[in-house]
Amino acid sequence: MTMRTVYVNGNYLPENEATISIFDRGFLMADGVYEVTSVLDGKLIDFAGHAKRLERSLKELDMPHPAELPDLLVIHRELVRVNGIVEGLVYLQITRGAPGDRDFAFPDPETTAPTVVLFTQNKPGLIDSPAARIGIKVISVDDLRWARRDIKTVQLLYPSMGKMIAKAAGVDDAWMVEDGHVTEGTSNNAYIVQGSTIITRHLGNEILHGITRAAVLRFAREAQMTVEERSFTIAEAQAADEAFITSASAFVMPVVEVDGQAVGTGSPGPVAARLREIYLEESRKAAV
Ligand code: PDD
């Protein structure tokens, strides 16, 4: 793989020259937030949505916003350009910086600047993925994450463990369950379809407010589909006509098996396929 150009605290550097401090609070405390924005046709999908959620995550953690919005867009675009990304993603992470010691208390933002890192990932075939054609299989795991999942923090240990549990079980991903109801996938929002009704968990602190979720629900309503925002159980998912997930990197991805049981026909269904098509078409039109 060729060497990428990445961005660290104001500088564009070859990836092997980019460094951050060992005292960075992102490293020591997972005191950081992130965003993943997909790139299609060399353009950013729903950048405004991701920028808005980033602002919210920073605010909820009392972290100062390090750069004005147009600057972040400029950095995103520059990285896409210099790395020649046609299909892929831009990863952005902002941490509370490196105060020069380990301390639980937040450092003074006047003296400790946030750390800003961005890099690209090239993913040719993101749209035309085999998983989108055949669907993915999921298992359920207990949701053992902290209670502020609406903030997009870099504390991803439990979601990583969830993916490993899924892998060990020979499936693709895990849906997390709390109090008998599905919260979300390890890195995506979860949906079922009953008849012509699309059901996905209501917003709250229990799930990440997916940018793809917001767009897909808007397109579904515009296409006169019925949307119910409520929690559902694994048994409901197994008895549903269809299931699917959404995320910035998976778009709309059908789920064909839940805990060993086929969902609907066991093949990707028409509602997920239509939503994927609408989502890709509309968001590519609006890409920047
Ligand atoms: N994950 N829920 C969780 C727990 C997530 O980590 C993500 C995104 C989503 C979907 O959000 P969005 O539609 O805004 O991507 C829901 C990203 C893609 C990741 O961690 O790689």
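Residues numbered from 1 in each chain as written. Predicted model: local features only at pLDDT ≥ 70, side-chain atom pairs only at ≥ 80, totals over all residues. Heavy atoms only, no water.

### A short note on the site of the ligand
Phase 1 of the analysis: As a structural note, the neighbourhood of the ligand is formed by 20 residues, with Y34, R53, E184, I211 and T212 the closest of them.
Phase 2 of the analysis: Y34 places a side-chain nitrogen or oxygen 2.6 Å from an oxygen atom of the ligand.
Phase 3 of the analysis: About the coverage of the ligand: the protein hides 89% of its 480 Å² of free accessible area.
Phase 4 of the analysis: The site holding the ligand turns out to be the largest pocket.
Phase 5 of the analysis: Where the shell around the ligand is concerned, the elements lending two or more residues are strand 3 (32–40), helix 2 (47–60), strand 9 (181–185), helix 6 (211–222) and strand 13 (242–247).
Phase 6 of the analysis: Class assignment of the residues belonging to the shell around the ligand gives a composition of five nonpolar, 11 polar and four charged. (Near = heavy atom within 4 Å. Polar contact = N/O pair within 3.5 Å; in protein donor to acceptor, adjacent residues only side chain to side chain. Areas by Shrake-Rupley, 256 points an atom, 1.4 Å probe, with all protein chains shown as cover. 1 Å grid on protein atoms, 1.4 Å probe; cavity = no way out; pocket = protein on both sides within 12 Å on 5 of 7 lines; lining within 4 Å. Sits in = over half its atoms within 2 Å of the grid points. Helix = DSSP H or I, 4+ residues; strand = E, 2+ residues; numbered from the N terminus. Nonpolar A, V, L, I, M, F, W, Y, C, P; charged D, E, K, R; others polar.)

### A closer look at the pattern of salt bridges
Pairing of side chains with opposite charge becomes possible as their charged atoms draw close.
Phase 1 of the analysis: The full count for this structure, using the stated rule, is 21 salt bridges.
Phase 2 of the analysis: D150 is paired through a salt bridge with R148; the nearest N and O atoms lie 2.9 Å apart.
Phase 3 of the analysis: The exposure class assigned to D150 is buried, which follows from its relative accessible area of 1%.
Phase 4 of the analysis: In this structure, the salt-bridge partner of E282 is K285, at a minimum N-O distance of 3.3 Å. Highlighted residues: E282 and K285, both in helix 8 (residues 270–285), separated by three residues, approximately one helical turn.
Phase 5 of the analysis: Owing to a relative accessible area of 28%, E282 belongs among the partly exposed residues under this scheme.
Phase 6 of the analysis: Given the relative accessible area of 58%, K285 is considered exposed.
Phase 7 of the analysis: A single salt-bridge network, built from bridges that share partners, covers D143, R145, R149, E178 and E184. (Salt bridge = Lys/Arg side-chain N within 4 Å of Asp/Glu carboxyl O. Buried < 20%, exposed > 50% of the residue type's maximum accessible area, 1.4 Å probe, protein only.)

### What to know about helix 5 (residues 157–168)
Phase 1 of the analysis: Over its 12 residues, helix 5 extends 16 Å from the first C-alpha to the last, a length consistent with the 16 Å expected when each residue adds 1.5 Å.
Phase 2 of the analysis: Taken together, the buried positions of helix 5 are Y158, P159, G162 and A166. Seen from one end, helix 5 has its buried residues packed into an arc of 100°, which puts them on one side. Residues of helix 5 that are exposed and angled more than 90 degrees away from the buried face: L157, M164, K167 and A168.
Phase 3 of the analysis: Contact partners of the buried residues in helix 5: strand 7 (136–142) and strand 8 (173–178).
Phase 4 of the analysis: Among the residues trailing helix 5, G170 stands out with phi positive, at a value near 80°. (Expected span 1.5 Å × (residues − 1). Arc of directions from axis to C-beta. Contact = heavy atoms within 4.5 Å.)

### Quick look at the domain arrangement of the protein
Phase 1 of the analysis: We note that the domain assignment places domain 1 (5–122) and domain 2 (130–286) within the protein.
Phase 2 of the analysis: Here the C-alpha centre of domain 2 lies 26 Å away from the C-alpha centre of domain 1.
Phase 3 of the analysis: Residue-level contacts link 20 residues of domain 1 with 19 residues of domain 2.
Phase 4 of the analysis: Carbon and sulfur atoms supply 62% of the area that domain 1 and domain 2 bury against each other, a total of about 1800 Å² over both sides.
Phase 5 of the analysis: Counting across the interface, domain 1 meets domain 2 through three salt bridges. (Domains from an automatic or database assignment. Buried area = accessible area lost by both parts, 1.4 Å probe.)

### Focus: the packing of helix 6 against helix 8
Phase 1 of the analysis: At a minimum axis distance of 10 Å, the contact between helix 6 and helix 8 shows a crossing angle of 105°. By the angle between their axes, helix 6 is roughly perpendicular relative to helix 8. Residues T212, A215, V216, F219 and A220 of helix 6 form the contact with helix 8, whose own contacting residues are L275, I278, Y279 and E282.
Phase 2 of the analysis: Taken together, the residues of the contact of helix 6 with helix 8 sort by class into seven nonpolar, one polar and one charged. (Axes fitted to C-alpha atoms, helices over the stretch in contact; angles between N-to-C directions. Parallel < 35°, antiparallel > 145°, perpendicular 65-115°, else oblique.)

### A closer look at the packing of aromatic side chains
Phase 1 of the analysis: As enumerated under the stated definition, the model contains seven aromatic pairs in all.
Phase 2 of the analysis: Taking the centre distance of 5.6 Å and the plane angle of 25° together, the rings of Y34 and Y91 count as stacked. Of the two residues, Y34 is situated in strand 3 and Y91 in strand 5 (residues 88–95); the sequence distance between them amounts to 57 residues.
Phase 3 of the analysis: Judged by its relative accessible area of 11%, Y34 is buried.
Phase 4 of the analysis: Classification of Y91 as buried rests on a relative accessible area of 14%. (Phe/Tyr/Trp six-rings, centres within 6.5 Å; stacked < 30°, edge-to-face > 60°.)

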